[in-house]
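# Examination of the molecular architecture
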Amino acid sequence: MPGLRRDRLLTLLLLGTLLSADLYFHLWPQVQRQLRPREDPPSCPCAGRVSSPASDSAAASSDPGPAARNFSQAGPRAERGGDGRSGLGSKLQALFAHPLYSVLEEPPLLGPEDSLLASQEALRYYRRKVARWNRRHKMYKEQLNLTSLDPPLQLRLEASWVQFHLGINRHGLYSRSSPIVNQLLHDMRHFPTVSADYSQDEKALLGACDCTRIVKPSGVHLKLVLRFSDFGKAMFKPMRQQRDEETPEDFFYFIDFQRHNAEIAAFHLDRILDFRRVPPTVGKLVNVTKEILEVTKNEILQSVFFVSPASNVCFFAKCPYMCKTEYAVCGNPHLLEGSLSAFLPSLNLAPRLSVPNPWIRSYTLAGKEEWEVNPLYCDIVKQIYPYNSSNRLLNIIDMAIFDFLIGNMDRHHYEMFTKFGDDGFLIHLDNARGFGRHSHDELSILSPLSQCCVIKKKTLLHLQLLAQANYRLSDVMRESLLDDQLTPVLTEPHLLALDRRLQIILKAVEGCIEAHGEENVVASGPAEQSAPDSGRVKWTS
């Protein structure tokens, strides 16, 4: 008996020692870090020095800390200085007040046939979807013996995502004066997440990726579908690259990172250009534990979460060549930057056509497409339906101008709503490979413009306006992006690159006009796009 008591005493002493060591070496340092006031390191040579706006922008973009500390500062800033000003000094407000942004668009909207969705049919469809989701959610809870006090989801007609869907017409994804877009951005940023899942293309792969393929399927780029408490959905793309990092020049365009901030900036640029073809996109700090792991029903998605050695919560894509912790994205320790892009209406309601881009790249290590070696390639395209008789070619050139400004070389397909026919607008989806290199202008992206030498008059007028000092593109972009929670979305070099690329576009158009005449280059409508037939314009520096 005395021996047993001594063994118990030794066991208690050992456990007490282990507990004391854990408290001293693990928990107490964390408490100290939380209680310690933030201050600059004593040895920092920059402490107390006033930094320039450019250096502040670069520092903030490379450090997620400031963004996390500004989590509660979402929404428009009350006061702005410098080039990002509000009120009477706002270049962005002056731009949108310009007569170009109030010109009636052609053709005029005449009735329900010009809207993408029939409202009553859409509402019946969404009610069925909500009822089905509630039933499945109830069954899931019952199978796991989980109790929940959360009420069933309800479809609200006034929900911003519903109004966004009902507002899509043949002119664009939203109207110029629509207040719904800002409301939708606000809702995606603030509404609670009720479910998270892989995207449909990732599900189709089922983890079976061909590692011998050079171009990997789009699903492996770690994008998730988040559903909110108002039943709206958004595509979530997490941060994979710091803002001040440039894509290495040895990288092929098809293996480049997908950047969340590129998706956000592309939406703002698209709206400034008055295209309105990019779905509303907003930045958000997502709690990957509470807003993804704890709400997902997908067991595969649950299985790819882990805690890193730095105590950060991470997850990765379920695919053989990506199923490694070194390809994971991690929170800090739970918060992770990402972009949220609003979903378009279901294909059951609004079928879309996916069409290969005539100026598609080879997506091989050495191969070239015909347009890369034949300066008269556009003459061939203009003989092919639908580029020979509709507005499609002009829309392709709009898309090329947009892609050149953001530096996106990955536009292999484009989508459009089938209801609007051959003259329907092209939807500018998947812009995450833009804004990779601010120091390089990829002129080949502009090949549709330089080879065809034709441009919409409306597009040209907007580009010329944005080249003026009072409406400078970099200034209005900088101001527009200030409203995003993840500001600064772009670093200063990327903003200045927009001005440089805009001048390249205008010089290319000027060269076309000198070669073929303005009446043959600037098209006011589909009937005016047939000429000229000669080859590539010479680039001017």
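Residues numbered from 1 in each chain as written. Predicted model: local features only at pLDDT ≥ 70, side-chain atom pairs only at ≥ 80, totals over all residues. Heavy atoms only, no water.

### Description of the sheet that holds strand 3 (residues 233–238)
Where we set the bar: Strands pair, by our definition, only if DSSP identifies at least two bridges between them. Helix and strand assignments follow DSSP, with helices taken as H or I runs no shorter than four residues and strands as E runs no shorter than two, numbered in order from the N terminus. The axes are straight lines fitted to the C-alpha atoms, using for helices just the contacting stretch, and the angles between their N-to-C directions are given from 0 to 180°. The contact criterion used is simple: two residues touch if any of their non-hydrogen atoms lie within 4.5 Å.
On the basis of which strands lie adjacent, the open sheet formed by five strands has the order 1-2-3-8-4 and antiparallel pairing. The open sheet has two free edges, formed respectively by strand 1 (193–198) and strand 4 (281–287), since each of these has just one partner strand. Ignoring strand direction, the axes of neighbouring strands in this sheet form an average angle of 35°. By the bridge criterion, four bridges tie strand 2 (residues 224–228) to strand 3 in an arrangement that is antiparallel. Residue pairing in the sheet places leucine 226 in a bridge with alanine 234 of strand 3. Along the sheet, helix 7 (residues 180–190) makes contact with strand 2, strand 3, strand 4 and strand 8 (335–342), crossing strand 4 at roughly 10°.

### Regarding a nonpolar patch on the surface
What counts here: A patch consists of residues exposed above 30% relative accessible area that lack any salt bridge, with like charges linked at up to 9 Å and nonpolar side chains (Val, Leu, Ile, Met, Phe, Trp, Tyr) linked at up to 5 Å. In these tables, accessible area is a Shrake-Rupley quantity obtained with a 1.4 Å probe, and a residue counts as shielded only by the protein chains included in the view. A carboxyl oxygen of Asp or Glu within 4 Å of a side-chain nitrogen of Lys or Arg is what we treat as a salt bridge.
A cluster of nonpolar side chains, namely Leu9, Leu10 and Leu13, defines an oily patch on the protein surface of about 310 Å² accessible area. Secondary-structure assignment places leucine 9 in helix 1 (residues 2–35).

### Looking at empty space enclosed by the protein
Gaps between atoms show up when a probe of the same size as a water molecule is rolled over them. The test is simple: Lining residues are defined by having an atom within 4 Å of a point belonging to a cavity or pocket. Those points lie on a 1 Å grid over the protein atoms alone, cavities being sets where a 1.4 Å probe fits but cannot get out and pockets being open sets with protein on both sides within 12 Å along at least five of seven lines. Grid points are joined across faces, edges and corners, and a volume is the space filled by probe spheres set on the points. Under the scheme applied here, ten amino acids are nonpolar (Ala, Val, Leu, Ile, Met, Phe, Trp, Tyr, Cys and Pro), four are charged (Asp, Glu, Lys and Arg), and all others, including Gly, are polar.
Per the counting criterion, the structure on display carries three cavities of 30 Å³ or more. In this structure, the largest cavity occupies an estimated 170 Å³ of space. Forming the boundary of the largest cavity are 19 residues, of which Asn357, Trp359, Asp403, Arg411 and Ile445 lie nearest the centre. Secondary structure elements with two or more residues in the lining of the largest cavity: helix 14 (392–406) and helix 15 (447–452). Ranked by residue count, the leading element in the lining of the largest cavity is helix 14, at four residues. Of the residues assigned to the lining of the largest cavity, the class counts are 10 nonpolar, five polar and four charged.

### Remarks on the pattern of salt bridges
A full pass over the atoms with the stated rule returns 22 salt bridges. Across the pair aspartate 475 and arginine 472 runs a salt bridge whose closest N-O atoms are separated by 3.1 Å. Connected through shared salt-bridge partners, Lys91, Arg472, Asp475, Arg478 and Glu492 make up one network.

### What about the side chain of histidine 494?
This is how the line gets drawn: Burial status follows relative accessibility: with a 1.4 Å probe on protein chains alone, a residue under 20% of its type maximum counts as buried, one over 50% as exposed, and anything between as partly exposed. Each polar contact in these results corresponds to two N or O atoms within 3.5 Å; when the atoms are within protein, one needs to be able to donate a hydrogen and the other to accept it, and residues that are neighboring in sequence are counted only if both atoms are side-chain atoms.
Note on placement: histidine 494 falls in helix 18 (residues 492–516). Note on histidine 494: relative accessible area 3%, which makes it buried. A distance of 3.4 Å separates the side chain of histidine 494 from the backbone oxygen of phenylalanine 435, its partner in a polar contact. Contacts of histidine 494, omitting those with residues within four sequence positions, involve Arg243, Phe435, Gly436, Arg437 and His438.

### Focus on the environment of proline 386
Along the polypeptide, proline 386 turns up in the loop between helix 13 (377–381) and helix 14. Distance from proline 386 to aspartate 422, taken between C-alpha atoms, is 6.7 Å for residues 36 residues apart in sequence. Not counting residues up to four positions away in its chain, the partners in contact with proline 386 are Arg392 and Asp422.

### Focus on the nonpolar core
This is how it is decided: By convention a nonpolar core is built from buried Ala, Val, Leu, Ile, Met, Phe, Trp, Tyr and Cys residues, the set being connected through side-chain atoms within 4.5 Å.
By size, the foremost hydrophobic cluster in this structure holds 123 residues, and its most contacted members are Ile292, Phe315, Phe417, Leu473 and Met477. For phenylalanine 315, the contacting residues outside a window of four places in its chain are Leu222, Leu224, Val288, Ile292, Val304, Phe305, Phe306, Ala328, Val329 and Leu336.

### Considerations on the packing of aromatic side chains
Test applied: Working definition: rings of Phe, Tyr and Trp (its six-membered ring) pair if their centres are within 6.5 Å, and the pair is stacked with planes under 30 degrees apart, edge-to-face with planes over 60 apart, and tilted otherwise.
Counting across every chain of the model gives 12 aromatic pairs. Taking 4.9 Å as the distance between ring centres and 20° as the angle between the ring planes, the aromatic pair formed by phenylalanine 305 and phenylalanine 315 counts as stacked. One end of the pair, phenylalanine 305, is in strand 5 (residues 305–307); the other, phenylalanine 315, is in strand 6 (residues 313–315), and 10 residues separate them in sequence. Of the two residues, phenylalanine 305 and phenylalanine 315, both sit in the buried class. Ring geometry for phenylalanine 417 against phenylalanine 425: centres 6.0 Å apart, planes inclined by 75°, an arrangement best described as edge-to-face. With relative accessibility at 1%, the residue phenylalanine 417 sits in the buried group.

### Details of unusual backbone geometry
Following glutamate 106, the chain continues into proline 107 via a peptide bond in cis, with omega recorded as -10°. Of note, proline 107 is situated in the loop between helix 4 (91–96) and helix 5 (119–143). A cis amide bond links tyrosine 385 with the next residue in sequence, proline 386, at an omega value of 0°. Unlike most non-glycine residues, aspartate 274 shows phi in positive territory, near 70°.

### So, the sheet that holds strand 7 (residues 329–330)
Ordered by their spatial adjacency, three strands build an open sheet running 5-6-7, and the pairing between neighbours is antiparallel. Where the open sheet ends on each side, the last strands, each with one partner, are strand 5 and strand 7. Here three bridges tie strand 5 to strand 6, and the two strands are oriented antiparallel to one another. Considered in strand 6, the bridge of phenylalanine 305 is made with phenylalanine 315.

### Structural notes on the packing of helix 17 (residues 473–481) against helix 18
Describing two packed helices takes the angle between their axes plus the distance from one axis to the other. Inclusion rule: Two helices cross in a left-handed way if the nearer one is turned anticlockwise from the farther one by less than a right angle. They cross in a right-handed way if the turn is clockwise.
Closest axis-to-axis distance for the helix 17/helix 18 pair is 8 Å, and the angle between their directions is 140°. Handedness of the crossing formed by helix 17 with helix 18: right-handed. From helix 17, Leu473, Ser474, Met477, Arg478 and Leu481 reach across to helix 18, where they touch Glu492, Leu495, Leu496, Leu498, Asp499 and Leu502. Considered class by class, the residues forming the contact of helix 17 with helix 18 number seven nonpolar, one polar and three charged.

### A short note on the state of the cysteines
Where we set the bar: A pair of cysteine sulfur atoms is labelled a disulfide when the two atoms are within 2.5 Å.
Applying the stated criterion to the full structure yields three disulfides. The disulfide that involves cysteine 378 links it to cysteine 452, with 1.9 Å between the sulfurs. Given an S-S torsion of about 110°, the disulfide between cysteine 378 and cysteine 452 has right-handed geometry. Here cysteine 378 is found in helix 13, whereas its partner cysteine 452 is found in helix 15, with 74 residues between them in sequence. Both residues of the pair, cysteine 378 and cysteine 452, count as buried. Paired by a disulfide, cysteine 453 and cysteine 512 hold their sulfur atoms 2.1 Å apart.

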